[in-house]
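# Topology and contacts: notes
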Amino acid sequence: MMTVDILSSIKGAKESDTVSKLFDVIKKANTSTSNLGNNSNNALSLDDLREDVVIDSSQIEKDIIMENFPKKKDGYLVVAKVIEE
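### Here we look at the overall build of the chain
What the chain contains, in helices and strands, is three helices and two strands. Ordered by position from the N terminus, the helices and strands of the chain form the series α-α-α-β-β. A burial count over the chain gives 0% of its 85 residues as buried. Taken as a whole, the chain presents about 9,000 Å² of accessible surface, with 56% of it coming from carbon and sulfur.

In structure tokens form, the structure reads like this:
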């Protein structure tokens, strides 16, 4: 078993009773799929989504966003690639 300071990358990190109790609860959780029942309540219909609408921002807002965005290239904002399976 790894120690908390190794897992958290914080030197000198100490065990926490609260965190330990949380992990005990998680370990005891019933993960059997037969208990899950009908999960259709968690589904979202594409008809329920709002329409994407472009709203133009003022130049001041655009300047603030550009100043504070972490990465830019050739006048564009660079975002991390997200891949979902």
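### A look at the confidence of the model for the chain
Chain-level pLDDT for the chain is 77 on average; 71% of the residues reach the 70-or-more range. For the chain, per-element mean pLDDT is lowest for helix H1 (residues 4–8), which scores 58, and highest for helix H3 (residues 59–68), which scores 90.

### A short note on helix H2 (residues 17–28)
The terminal C-alpha atoms of H2, which comprises 12 residues, lie 17 Å apart, in line with the 16 Å expected from a rise of 1.5 Å per residue. With zero of 12 residues buried, H2 lies mostly on the surface of the structure.

Conventions used here
- Residues numbered from 1 in each chain as written.
- Predicted model: local features only at pLDDT ≥ 70, side-chain atom pairs only at ≥ 80, totals over all residues.
- Heavy atoms only, no water.
- Helix = DSSP H or I, 4+ residues; strand = E, 2+ residues; numbered from the N terminus.
- Buried < 20%, exposed > 50% of the residue type's maximum accessible area, 1.4 Å probe, protein only.
- Areas by Shrake-Rupley, 256 points an atom, 1.4 Å probe, with all protein chains shown as cover.
- pLDDT = per-residue confidence, 0-100.
- Expected span 1.5 Å × (residues − 1).

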